[in-house]
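These are the residues of each chain, in order.
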Amino acid sequence: MKPYKKFLLGLGMAGSLHLTACTSQNTTETETMNTAQQAQGQLPEDVHSYAEPAKAVARHLDLEIAVNFDTKTISGKATYDIENLAKGNEIVFDTRGLNIEKVFLGDNREETTFRLGDSDKYLGQPLYVTIKPETKRLTIQYKTSPDAAALQWLNPQQTAGKKHPFMFTQSQAILARTWIPIQDSPGVRITYNARVQVPKELLAVMSAENPVQKNESGVYTFQMKQPIPSYLMALSVGDLVFREVGQQTGIYAEPETIEAAAYEFAEMDKMLVAAEKIYGKYRWDRYDLLVLPPSFPFGGMENPRLTFVTPTVLAKDRSLTSLIAHELAHSWSGNLVTNATWDDFWLNEGFTVYFERRIMEELYGRSYADMLAELGYQDLQNTIADLGATSPDTRLKLDLDGRDPDEGLTDIAYEKGNLFLRHIEMAVGRERFDEFLNKYFNTFAFQPTDTDKFLNFLRTELIKGDEVLAEKINIEGWVFSPGLPANHVKPTSERFAQVEKLFSDWKNGKPAAQLNTKDWSSHEWLHFIRMLPEQMSPQQMQDLDKAFNFTNSGNSEVLAAWFIHAINNNYITADKALETFLTNVGRRKFLVPIYKALAATPEGKKKALAIYAKARPNYHAVSTVTLDEMLK
Ligand code: BES
Ligand code: ZN
């Protein structure tokens with residue numbers, strides 16, 4: 001690891017000044033506030049970036065690139081407006097697997113020297129560019145490698161339409177550096193413009209202001225006026241069409257998928273209204289979705305203005321849309337107020353899960369949100385059991401030094417984070433807590449935050465010296481200790497209590513077909529399937545499958561949960577469906593537990609390896625990195 005360093009909080013600030021300059025004439029108030037905050041303190045070093053933004057920092061990017069499907073490469077120029085704070089002779093960018101061809105300084109393009117440092121498996125290589133004390137702009141000419149981890153190149157067969165290739169990026173956590181030379185730390189924010197050349201029959205979209213249809217030239221231009229961290233840089237290219245959903249919302253998808261997506265996500269405008277009602281104005285103008293092919297490794301990715309989403313939430317009954325509420329919620333928690341380092345990941349995800357469930361409660365009522373909460377709590381308990389109740393990785397504040405930040409991506413950040421916020425809400429009441437969170441988002445808008453900064457704000461704005469309250473909130477126990485405080489409140493769901501009744505009837509011998517499951521949502525089904533005993537008789541498996549047709553379910557969550565039981569009980573009727581699922585779907589959250597269940601026995605492992613050999617070319621690097629390790 002590189003030597004210890006700190007960078008001043010003030011760095012993130014000029015980013016917000018930049019924004020202020022674009023959106024408001026009257027900047028005095030904000031500037032005063034920022035200067036005051038600048039003086040306030042320092043942010044911790046980001047051990048996952050080589051950039052030294054305290055010395056010289058990028059403020060704006062002009063990206064001019066061509067996307068080449070034949071060579072599976074992106075090539076072009078990244079021109080940065082920089083601020084040489086230390087007035088030294090060097091600026092540092094992150095790169096991984098990039099071919100840096102030339103670097104120029106200034107507008108008249110004077111070539112300068114550069115050097116790439118040693119390569120680290122996760123971090124890649126620092127790019128040191130020689131600059132002058134007065135340098136304000138520089139251009140890096142580069143090309144990506146065909147195996148850039150952020151990029152997935154799909155052949156036509158892997159798309160819904162089967163006629164055109166497709167490409168998408170996934171930059172979080174530290175993969176932006178595999179397709180752009182960039183200061184790849186979430187504490188650094190840039191605005192950007194882009195000019196992207198793609199094959200004429202395809203449309204390009206980004207985490208920016210987007211075109212709504214193809215043009216003759218295949219050249220598209222983009223603008224992101226609000227400063228964003230590098231992990232939110234995003235691009236996708238494919239045979240895409242756009243469909244409006246509401247005033248401010250819409251969907252991009254392949255023509256074959258747009259109809260289903262428009263039905264599934266018809267309520268996204270309502271979600272936006274609900275979200276604004278809770279935490280204030282949406283700051284990104286439009287909110288659109290891009291529905292990707294099934295190899296997308298995540299459920300969703302909150303790229304600003306354009307959430308990337310898996311098609312596995314197209315359940316035809318709008319039952320998996322809490323995922324959209326989640327990505328939308330990131331427009332506040334994450335995109336607006338951003339974790340400064342990946343050790344503070346819970347500030348992004350825990351807040352977002354909390355907010356996601358508030359949005360769902362607003363739309364569908366308390367009993368619906370309670371189901372999500374209880375499922376989340378089950379996930380959390382399983383994660384704690386997997387990691388071990390005393391594992392340091394079960395603390396909210398993580399220590400990922402020397403590791404892939406991906407290792408922090410567990411339900412601890414999501415569900416323990418959420419549970420902590422619910423716990424504070426219960427201690428002070430919803431009204432006071434909402435007021436506090438509103439103030440938090442507004443105070444730190446377009447700035448990085450870290451655990452200390454949040455806790456300080458919590459102490460000064462909410463606890464205010466009330467020792468009884470401080471003890472109740474128990475910061476030490478929740479944030480810095482492993483496991484869960486013994487007195488935490490377990491979320492429960494009334495609707496699940498009903499499911500449990502029917503479940504016990506079934507367990508006591510009542511045939512599955514006689515259970516009244518008529519109005520069950522995906523969540524009730526999921527709860528039911530999760531409760532099934534690990535060992536079941538062939539008769540029990542058949543009885544369930546006959547009554548509920550799990551093996552052929554069109555609901556990806558139900559399928560994925562059912563397959564675990566099919567594997568554990570050697571229920572070969574599901575084999576074909578299982579193989580089809582594994583070869584089509586690349587969503588890591590589904591793949592990992594399924595392959596794990598398979599790999600638990602020698603015969604299962606054989607099966608897993610045979611399927612994996614076929615399916616692997618369909619998976620994104622994010623998924624293969626995990627699975628290669630698991631199945632080796
Ligand atoms: N930002 C995350 C996805 C992510 C996190 C990608 C860290 C890479 C590194 C996104 O908001 C997310 O949490 N997605 C979840 C869905 C959500 C409903 C829990 C997912 O993809 O499963
Ligand atoms: Zn998230």
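Residues numbered from 1 in each chain as written. Chains lettered and ligands numbered in written order. Predicted model: local features only at pLDDT ≥ 70, side-chain atom pairs only at ≥ 80, totals over all residues. Heavy atoms only, no water.

A.B. asks: Can you tell me about the nonpolar core, naming the residues and giving the values?
C.D. replies: Counting residues in each nonpolar core, the largest one holds 198 residues, and the members touching the most others are Tyr80, Leu138, Trp179, Met206, Leu235, Phe454 and Tyr595. When near neighbours in sequence (up to four residues on either side) are disregarded, Leu235 contacts Ile65, Val67, Ile74, Met167, Phe168, Thr169, Trp179, Val196, Ala204, Val205, Met206 and Phe308. (Core = buried A, V, L, I, M, F, W, Y, C linked by side-chain atoms within 4.5 Å. Buried < 20%, exposed > 50% of the residue type's maximum accessible area, 1.4 Å probe, protein only. Contact = heavy atoms within 4.5 Å.)

A.B. asks: Explain the coordination of the zinc ion (ligand 2) to me, using residue names and the numbers behind them.
C.D. replies: Looking at the metal site, the zinc ion (ligand 2) is ligated by His326 (NE2), His330 (NE2), Glu349 (OE) and Glu349 (OE), spaced 2.0 to 2.7 Å from it. Here the zinc ion (ligand 2) binds six donor atoms, and the angle range of 53 to 158° at the metal identifies the geometry as irregular. All donor residues of the zinc ion (ligand 2) come from one chain, and their arrangement in sequence is H-x3-H-x18-E. Residue His326 is found in helix 5 (residues 322-329), and its partner Glu349 is found in helix 6 (residues 345-364); the two are separated by 23 residues along the sequence. You'll find His326 and Glu349 in the same group, each marked buried. (Donors = N, O, S within 2.8 Å, 3.2 Å for Na, K, Ca; no water. Tetrahedral: all angles 85-135°; square planar, octahedral: opposite > 155°, others 65-115°. Helix = DSSP H or I, 4+ residues; strand = E, 2+ residues; numbered from the N terminus.)

A.B. asks: Pulling in residues and values, what's your account of helix 5?
C.D. replies: Along helix 5, eight of the eight residues are buried, which leaves the element largely enclosed by surrounding structure. Burial in helix 5 covers these residues: Ser322, Leu323, Ile324, Ala325, His326, Glu327, Leu328 and Ala329.

A.B. asks: Describe the site of ligand 1, and please don't skip the residues or the numbers.
C.D. replies: The full set close to ligand 1 counts 15 residues, and Gln172, Gly299, Glu302, Glu327 and Tyr414 are the nearest of them. Within the side chain of Gln172, an N or O atom sits 2.7 Å from a nitrogen atom of ligand 1. At 2.6 Å, a side-chain N or O of Tyr414 approaches an oxygen atom of ligand 1. If ligand 1 stood free it would expose 520 Å²; the protein chains cover 88% of that surface. Counting residues per element, the ones that place at least two in the shell around ligand 1 are strand 20 (300-301), helix 5 and helix 6. In terms of residue class, the shell around ligand 1 is made up of six nonpolar, six polar and three charged. (Near = heavy atom within 4 Å. Polar contact = N/O pair within 3.5 Å; in protein donor to acceptor, adjacent residues only side chain to side chain. Areas by Shrake-Rupley, 256 points an atom, 1.4 Å probe, with all protein chains shown as cover. Nonpolar A, V, L, I, M, F, W, Y, C, P; charged D, E, K, R; others polar.)

A.B. asks: I'd like a rundown of the sheet that holds strand 9 (residues 125-130), residues and numbers included.
C.D. replies: Backbone hydrogen bonds are what pair the strands of a sheet, in a parallel or an antiparallel way. Judged by pairing direction, the sheet is antiparallel, and its three strands sit side by side in the order 5-9-8 without closing on themselves. Sheet topology places strand 5 (90-95) and strand 8 (114-116) at the edges, where each strand pairs with a single neighbour. Across the sheet, the mean angle separating the axes of adjacent strands is 20° when strand polarity is ignored. Two strands pair when backbone bridges link them, and strand 8 and strand 9 are joined in this way by three bridges, in the antiparallel orientation. Pairing of Leu116 across the sheet is with Leu127, part of strand 9. (Pairing = 2+ DSSP bridges. Axes fitted to C-alpha atoms, helices over the stretch in contact; angles between N-to-C directions.)

A.B. asks: I'd like a rundown of the environment of Thr383, residues and numbers included.
C.D. replies: In this structure, Thr383 sits in helix 7 (residues 366-387). Along the chain, Thr383 and Thr394 lie 11 residues apart, while their C-alpha atoms are 8.5 Å from each other.

A.B. asks: Tell me what's going on with the confidence of the model for the protein, and back it up with residues and numbers.
C.D. replies: Confidence in the prediction of the protein, expressed as mean pLDDT, is 93, and 93% of residues score 70 or more. A low-confidence stretch, residues 1-41 (pLDDT under 50), is modelled with 69 contacts involving residues beyond four sequence positions or located in other chains. (pLDDT = per-residue confidence, 0-100.)

A.B. asks: Go over the pattern of salt bridges with me, naming the residues and quoting the values.
C.D. replies: When charged atoms on two side chains of opposite charge get close, those side chains can pair. Counted by the stated rule, this structure contains 35 salt bridges. Put simply, Asp393 and Arg403 hold a salt bridge, and the shortest N to O gap is 2.8 Å. Taken together, the residues Asp393 in the loop between helix 7 and helix 8 (411-428) and Arg403 in the loop between helix 7 and helix 8 connect sequence positions 10 residues apart. Between Arg495 and Glu524 there is a salt bridge, with the nearest N and O atoms lying 2.9 Å from each other. Taken together, the positions of Arg495 in helix 13 (residues 494-507) and Glu524 in helix 14 (residues 522-531) put the pair 29 residues apart, joining distant regions of the chain. You can call Glu524 buried: its relative accessible area is 4%. Three or more residues joined by partner-sharing salt bridges are found here, namely Asp62, Asp81, Asp107 and Arg137. (Salt bridge = Lys/Arg side-chain N within 4 Å of Asp/Glu carboxyl O.)

A.B. asks: I'd like to hear about helix 3 (residues 255-264), residue by residue, with values.
C.D. replies: Here helix 3 has its buried residues at Thr257, Ile258, Ala261, Ala262 and Glu264. Summarising the axial view, the buried residues of helix 3 lie within an arc of 155°, below the 170-degree limit, and thus occupy one face. As for helix 3, its buried residues are in contact with strand 17 (241-244), strand 18 (249-253) and strand 19 (287-291). (Arc of directions from axis to C-beta.)

A.B. asks: Now, about the environment of Leu138: what can you tell me, with residues and values included?
C.D. replies: In this structure, Leu138 sits in strand 10 (residues 137-143). Along the sequence, Leu138 and Glu111 sit 27 residues apart, while their C-alpha atoms lie 9.4 Å from each other. In contact with Leu138, other than residues within four places in its own chain, are Ala78, Thr79, Tyr80, Ile82, Ile91, Phe93, Val103, Phe104, Leu105, Gly106, Val129 and Ile131.

A.B. asks: Explain the packing of aromatic side chains to me, and be specific about the residues and the numbers.
C.D. replies: This structure, assessed with the given rule, holds 45 aromatic pairs. Between Phe351 and Phe454 the ring centres are 5.1 Å apart and the planes differ by 85°, which places this aromatic pair in the edge-to-face class. Residue Phe351 is found in helix 6, and its partner Phe454 is found in helix 10 (residues 451-463); the two are separated by 103 residues along the sequence. Phe454 matches Phe351 in its accessibility class, with the two residues each being buried. Judged by centre distance (6.0 Å) and plane angle (20°), the rings of Phe433 and Phe436 are stacked. Pair noted here: Phe433 and Phe436 are both in helix 9 (residues 430-443), with a separation of three residues, about one helical turn. (Phe/Tyr/Trp six-rings, centres within 6.5 Å; stacked < 30°, edge-to-face > 60°.)

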